[in-house]
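# Geometric and topological summary
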Amino acid sequence: MKQTILGAIAGDVIGSVYEFNNTRTTDFPLFKRETTFTDDTVMTIAIADAILHNKDFAQTILDYGKRYPNRGYGTSFFKWLAHDTPAPPYNSWGNGSAMRVSAVGFAYNDLGIVLDKAAQTAEVTHNHPEGIKGAQAIAVAIYLARIGKSKAAIKAYMTEMFEYDLDFTLDEIRPTFPFDESCQGTVPQSIVAFLESTDYDSAIRLAISLGGDSDTIACITGGIAIAFYKEMSQVIVDKICREYLPPAFVTIIDEFDLVYGNY
């Protein structure tokens, strides 16, 4: 049994303290006093729970958002959470659709279904074409990574299927990389962080070293990286599951791994 959604969650948790206190190096402490989980983790768990237990995506996202408030939700999503029942989507192209989708890439074994389910998770709120594309791209990258495709093949899919320009290096963009919460401005960079990595841990360090929306970039990168490398440091697994996540989240992670971790 291998790790699945903890790849994305660990990226979020480790990146949490660097979102508004950016670092531009890979040499930084993985855990600090202020380390915590954010909305990225809450929504990743929500999608995993919905898939595991055949729940409605919109209702499950709403339920988790209300159950775990004040976790850094964006303004539009926060307003969406104020309703008693799922409100219409608000045409967002934000990276919230890409950060919550990792479970889709692990759960389904057909590319067409991965694309469809990723779109469904995005359209709850992020029904702008770029919001949907960002979710689909990350779900597909995870799917391809876990079935053994090479980095070159994954890059080709991202370029040809989703028309992302990935012909840049992190060193080239790092000095001036801005805080950007759009799919357009974070999904390609997250993919390149994975492509430049040598293992899971280095992928997370590279993602956070960009600065910007650090926790979400690391969350997105981490989902692909764990699917590709199949493992992360046991120190990270133990530290996050024992110290930073509610027991209910660990239960969902363990159940999801049990069902979908045999890749």
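Description of the structure in this document.

With the rule as written, the count across this model stands at six salt bridges. Of the charged contacts in the structure, one is a salt bridge between R174 and D171, with a shortest N-O distance of 2.6 Å. Overall, the relative accessible area of 58% leaves D171 in the exposed class.

A word on the layout of surface pockets. One number sums up the size of the largest pocket: a volume of about 420 Å³. Taken together, 26 residues form the lining of the largest pocket, with D39, G74, N95, G96 and E181 sitting closest to its centre.

Two elements in contact, helix α1 (residues 6-15) and helix α12 (residues 200-209), have axes separated by 10 Å at closest approach and are oriented at 45 degrees. Classified by the angle their axes make, α1 and α12 are oblique. Helix-helix and strand crossings are classified by hand; for α1 and α12 the assignment is right-handed. Along the contact surface, α1 presents L6, G7, A10, G11, I14 and G15, while α12 presents Y200, I204 and I208.

The rules behind these values
Residues numbered from 1 in each chain as written. Predicted model: local features only at pLDDT ≥ 70, side-chain atom pairs only at ≥ 80, totals over all residues. Heavy atoms only, no water. Salt bridge = Lys/Arg side-chain N within 4 Å of Asp/Glu carboxyl O. Buried < 20%, exposed > 50% of the residue type's maximum accessible area, 1.4 Å probe, protein only. 1 Å grid on protein atoms, 1.4 Å probe; cavity = no way out; pocket = protein on both sides within 12 Å on 5 of 7 lines; lining within 4 Å. Points joined across faces, edges and corners; volume = space filled by probe spheres on them. Axes fitted to C-alpha atoms, helices over the stretch in contact; angles between N-to-C directions. Helix = DSSP H or I, 4+ residues; strand = E, 2+ residues; numbered from the N terminus. Parallel < 35°, antiparallel > 145°, perpendicular 65-115°, else oblique. Left-handed = near helix turned anticlockwise from the far one by under 90°. Contact = heavy atoms within 4.5 Å.

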